[in-house]
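Listed here are the chains, written in short residue letters.
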Amino acid sequence: MSTHPLPRVRLTAAAAVTTALALALTACGGDESGSAKAKTGGAGKVTVTDATGTEVEVPAKPAKVVALSELDLDSALALGVEPIGLTAGRGQQGAPGYLAGRAQDIPVVGAVTGPDIEKVLRAKPDVILAGQLADRKVLQQLKAVAPTVVTFGKDKDWKKALDLTGRVLGKQNEAKSFLTGYESRVAGLKKKLGPNAGATVSVARYSAKGTAVMQQGVFISDVLKDLGFKRPGIQNDRGQGHSTPISDEDIRQIDADWLFIGTLAAKGKDADLFTELKTKPAYRQLGAVRDGHATEIDGSKWTSLGGGLAALSVLDDIEKAMAK
């Protein structure tokens, strides 16, 4: 079961919307049929199996794509497809900071808490990338608008999500090429790290709620695992949620040979509080801080729901910090 709260959907009593949804549902009642592999379906269509095991018939070359998670937006852009709608990233007004330049003109059709069905309907998508959405009622409403694909499960595996998205968007070769390029980049960075290749690396996020560490089962931990880094303390264990809070009194738990820490936004209350944290003795006494091995990061990239583009950018950050 997902550890995120169930999505909420903004609905109104507008008769036009209700009627449109009902008509669309009738039109796409056969979307969940086909085989377990992507294959040619009806005229100009293919059938894929999504992350829940549901078979969905989608256009062979969808032109209008809505991305309902940060990972879906990342995957689509990595494959050269610009969505016509996105949901705001965690702690963001729009796309995650690291994608803002590439997605600045894409309309927002929802938030982390869930899609705005009316806005999705008005976008008239060919296909909807639904992220990890598990609310059956919401999924049914989305399927009434367009073929809807759940792209990842509780493992939040960005590589599997990219592969599935490639099949949905008719970009299988591009997905394969991207993953091959990523593995090559990882191998090259391992060599550049030299003696730091076996270091312990800690990742934390700071907010008004305090410090939280990134445990196993999330995007950044998978990237660090690819690089062969060790993790300190509880960061070796699978967390109960997306991140695990620790008290200021226990801030030593984030210490490691190298520390990467930041907030979800570069400006605002959380960023101001983080500036204060860096002046506190407990923080300044961390070994990584004393050794000059603490790097401030973009939390929307490192500590949120990243994909392939985030992974490549993280590798760049690590090289700049550790491969000196």
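You'll find the structure just up there.
Values in this document were obtained by computation on a predicted structure and should not be read as measured data.

A. Highlighting unusual backbone geometry. Despite not being glycine, Lys124 shows a phi value in the positive range, around 55°. With respect to the secondary-structure elements, Lys124 resides in the loop between helix 4 (117-123) and strand 8 (127-129). Here Lys124 falls in the exposed class, since its relative accessible area comes to 59%. We note that Lys156 has phi near 50°; this positive angle belongs to a residue other than glycine. With respect to the helices and strands, Lys156 occurs in the loop between strand 9 (148-149) and helix 6 (158-168).

B. How the structure looks around the layout of surface pockets. Here the second largest pocket is characterised by a volume of approximately 380 Å³. Lining the second largest pocket are 17 residues, with Arg205, Ser207, Lys209, Leu264 and Asp270 sitting closest to its centre. Residue classes in the lining of the second largest pocket are distributed as five nonpolar, six polar and six charged.

C. Quick peek at the pattern of salt bridges. For the coordinates displayed, the defined rule picks out 15 salt bridges. Two residues, Glu183 and Lys159, come together in a salt bridge whose shortest N-O distance is 3.2 Å. Of this pair, Glu183 sits in helix 7 (residues 172-193) while Lys159 sits in helix 6; the two residues are 24 residues apart in sequence, bridging distant segments of the chain. Its relative accessible area of 38% is what places Glu183 among the partly exposed residues. As a salt-bridge pair, Lys301 and Asp317 come within 2.7 Å of each other at their nearest N and O atoms. Placement of Lys301 in helix 12 (residues 299-302) and of Asp317 in helix 13 (residues 308-322) is noted, with a sequence separation of 16 residues between them. Here the salt bridges do not stand alone but share partners, grouping Arg185, Lys192, Asp316 and Glu319 into one network.

D. View of the sheet that holds strand 13 (residues 258-263). Pairing in this open sheet of five strands is mixed, and the strands run 12-11-10-13-14 from one edge to the other. Among the strands making up the open sheet, the edge pair consists of strand 12 (244-246) and strand 14 (294-298). Neighbour to neighbour, the strand axes of the sheet diverge by 35° on average, direction disregarded. Where strand 13 lies against strand 14, five bridges are found, and the strand directions are parallel. Looking at the pairing, Phe260 lines up with Thr295 of strand 14. On top of the sheet, helix 13 reaches strand 10 (201-207), strand 13 and strand 14; it is set at about 130° to strand 13, its chief contact.

E. Fine view of the nonpolar core. The biggest cluster of nonpolar side chains holds 60 residues, and the ones touching the most others in it are Trp158, Ile220, Phe260, Ile318 and Met322. In terms of residues, this core owes the most to one element, helix 13, which gives eight residues. Here Phe260 is in contact with Val201, Ser202, Val203, Ala204, Thr295, Ile297, Trp302, Ile318, Ala321 and Met322, once residues within four sequence places are set aside. In terms of nonpolar packing, the next biggest core, distinct from the first, is built from 16 residues, Leu121, Ala123, Ile128 and Val145 among them.

Criteria and cut-off values
The numbering scheme is per chain: residues are counted from 1 as the chain's sequence reads. Only residues with pLDDT of at least 70 are given local features in this predicted model, and only at 80 or more are side-chain atom pairs given and counted; all residues enter the totals for whole chains, interfaces and linings. To get the side-chain values, take all heavy atoms of the structure and skip hydrogens and water. Secondary structure elements are taken from DSSP: a helix is a run of H or I of four residues or more, a strand is a run of E of two residues or more, and numbering for both begins at the N terminus. Note on classification: 1.4 Å probe, protein chains only; a residue is buried when its accessible area is under 20% of the maximum for its type, exposed when over 50%, partly exposed between these limits. A cavity here means a set of points on a 1 Å grid, drawn over the protein atoms and nothing else, where a 1.4 Å probe fits but cannot get out; a pocket is an open set with protein on both sides within 12 Å along at least five of seven lines, and a residue lines either one if it has an atom within 4 Å of a point. Grid points are joined across faces, edges and corners, and a volume is the space filled by probe spheres set on the points. Gly falls in the polar group here, along with every residue not listed as nonpolar (Ala, Val, Leu, Ile, Met, Phe, Trp, Tyr, Cys, Pro) or charged (Asp, Glu, Lys, Arg). Take a side-chain nitrogen of Lys or Arg and a carboxyl oxygen of Asp or Glu: if they are within 4 Å of each other, that pair is a salt bridge. DSSP-based pairing: two strands are paired if at least 2 bridges between them are found. Here the axes come from fitting lines to C-alpha atoms, over the contacting stretch only for helices, and the angles between their N-to-C directions go from 0 to 180 degrees. Note on contacts: a residue pair qualifies if any of its non-hydrogen atoms lie within 4.5 Å across the two residues. The nonpolar core is taken to be a set of buried Ala, Val, Leu, Ile, Met, Phe, Trp, Tyr and Cys residues, with the residues joined through side-chain atoms within 4.5 Å.

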